Amino acid sequence: MLRFVRTIKDDVDAIFERDPAAKSLIEVLLCYPGLHAVMLHRISHGLYKRGLIVLPRIISNIARFFTGIEIHPGAKIGRKVFIDHGMGVVIGETSEVGDNVTIYQGSTLGGTGKEKGKRHPTIGNNVVISSGAKVLGPFTVGDNSKIGAGSVVLKEVPPNCTVVGVPGRIVVKDDKKVNKEDISIDLDQVKLPDPIMEELIYLRDKVLELQNKIIELEEKK
């Protein structure tokens, strides 16, 4: 029981560290569905590890009904995990989520088929999974990485990377390493590199350069 209380305290601390809207302990305890979902999951997961099936699933369904967040009782959730807003978040049975992870609304940690065994992703420490991101398959997202909003990630992500797009592409690697206990995790979901836009800008500049050369040649005639 004492261990459970300490774990919930860590979850509450994570909210204060990462959400500037959090004003008081009472507010966080009563008004944060992400916290409620994680608390109920920790109970259902404990029962699931003891071999129970139906009761943990019932608790999971109750949590989904009240919070809009679905976490299978078999999923493993680390310390100080913060599910912000949370509506539409789905975390599959064999998912593993590390410490200090932040997950935004509409995100999915899912599988890609009907295979048995490990079929959901493993998320490292200090990872940010932005709004609407889909991480699908039995691979690892390395520590300190960020998944951009709306991205669809279908393969391994090394540590210290930023992934954007559909399908997900690594656009930043080893840009910033975050200590495991560092609370200044970069939560920016907007100011991310856009490789497609960068290519378009490059092509535009090349076209303008060619146009200027054509004009110069015509003036010399």
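The shown structure was predicted, so the numbers you read here are calculated from the model rather than taken from an experiment.

The rules behind the values
- Residues numbered from 1 in each chain as written.
- Predicted model: local features only at pLDDT ≥ 70, side-chain atom pairs only at ≥ 80, totals over all residues.
- Heavy atoms only, no water.
- Pairing = 2+ DSSP bridges.
- Helix = DSSP H or I, 4+ residues; strand = E, 2+ residues; numbered from the N terminus.
- Contact = heavy atoms within 4.5 Å.
- Expected span 1.5 Å × (residues − 1).
- Axes fitted to C-alpha atoms, helices over the stretch in contact; angles between N-to-C directions.
- Parallel < 35°, antiparallel > 145°, perpendicular 65-115°, else oblique.
- Left-handed = near helix turned anticlockwise from the far one by under 90°.
- Nonpolar A, V, L, I, M, F, W, Y, C, P; charged D, E, K, R; others polar.
- Salt bridge = Lys/Arg side-chain N within 4 Å of Asp/Glu carboxyl O.
- Buried < 20%, exposed > 50% of the residue type's maximum accessible area, 1.4 Å probe, protein only.
- Core = buried A, V, L, I, M, F, W, Y, C linked by side-chain atoms within 4.5 Å.
- Arc of directions from axis to C-beta.

(A) Spotlight on the sheet that holds strand 14 (residues 161-164). In space, the six strands of this open sheet follow the order 3-6-9-12-14-15, with mixed pairing throughout. Where the open sheet ends on each side, the last strands, each with one partner, are strand 3 (82-84) and strand 15 (169-173). Pairing between strand 6 (residues 102-104) and strand 9 (residues 128-129): two bridges, direction parallel. Paired with Ile103 across the two strands is Ile129, which belongs to strand 9.

(B) Inspection of the environment of Gly86 at higher detail. Within the secondary structure layout, Gly86 lies in the loop between strand 3 and strand 4 (90-91). For Gly86 and Thr140, which are 54 residues apart along the polypeptide, the C-alpha to C-alpha distance reads 22 Å. Residues within four places of Gly86 in sequence aside, it is in contact with Gly68, Ile69 and Gln105.

(C) Spotlight on the pairing of strand 15. In the sheet, strand 14 pairs with strand 15 via four bridges, with the strands oriented antiparallel. Among the inter-strand pairings, Val163 is bridged to a residue of strand 15, identified as Ile170. In sequence, strand 14 turns back onto strand 15 through a hairpin of four residues, with Gly165 there showing a positive phi of about 95 degrees.

(D) Main features of helix 1 (residues 2-18). For helix 1, with 17 residues, the first-to-last C-alpha span of 25 Å sits near the 24 Å given by 1.5 Å per residue. Of the surrounding secondary structure, the elements contacted by the buried residues of helix 1 are helix 2 (25-31), helix 3 (33-49), strand 3 and strand 6.

(E) Local environment of the packing of helix 1 against helix 3. With their axes 11 Å apart at the nearest point, helix 1 and helix 3 run at an angle of 160 degrees to one another. Taken together, the axes of helix 1 and helix 3 are roughly antiparallel relative to one another. When you trace helix 1 past helix 3, the crossing you get is right-handed. Contact residues: helix 1 offers Phe4, Thr7, Ile8, Asp11, Val12 and Ile15, while helix 3 offers Leu35, Val38, Met39, Arg42 and Ile43. Its residues assigned to classes, the contact of helix 1 with helix 3 shows eight nonpolar, one polar and two charged.

(F) Here's a closer look at the pattern of salt bridges. Per the counting criterion, the structure on display carries 10 salt bridges. The partner of Asp11 in a salt bridge is Arg42, and the shortest N-O contact between them spans 3.0 Å. Taken together, the positions of Asp11 in helix 1 and Arg42 in helix 3 put the pair 31 residues apart, joining distant regions of the chain. Neither residue differs from the other here; Asp11 and Arg42 are each classed as buried. A salt bridge links Arg119 to Glu93; the nearest nitrogen and oxygen atoms lie 2.6 Å apart. Separated by 26 residues along the polypeptide, Arg119 in the loop between strand 7 (108-110) and strand 8 (122-123) and Glu93 in the loop between strand 4 and strand 5 (96-97) bring together distant segments of the chain. The class of Glu93 is partly exposed, set by a relative accessible area of 23%. If you follow the salt bridges from partner to partner, you end up with Lys206, Glu209 and Lys213 in one network.

(G) How the structure looks around the nonpolar core. Counting residues in each nonpolar core, the largest one holds 26 residues, and the members touching the most others are Ile71, Ile83, Ile91, Ile123, Ile129 and Val141. When contributions to this core are tallied by element, the ones reaching two or more residues are helix 3 and strand 14. With residues near it in sequence (within four places) discarded, Ile129 still touches Thr102, Ile103, Tyr104, Ser107, Leu109, Ile123 and Ile147. In this structure, Ile8, Ala14, Ile15 and Leu35 belong to the second largest nonpolar core, which totals nine residues.

(H) Here's a closer look at helix 4 (residues 54-67). Given a rise of 1.5 Å per residue, 14 residues ought to cover 20 Å, and the 20 Å separating the end C-alpha atoms of helix 4 matches this to within 8%. If you check which residues of helix 4 are buried, you get Pro56, Ile59, Ser60, Ala63 and Thr67. The arc that holds the buried residues of helix 4, viewed along the axis, is 100 degrees, so those residues lie on one side. Turned more than 90 degrees away from the buried face of helix 4, the exposed residues are Val54 and Phe65. On its buried face, helix 4 sits against helix 3 and strand 1 (70-71). Looking one or two residues beyond helix 4, the residue adopting positive phi is Gly68, at roughly 80 degrees.

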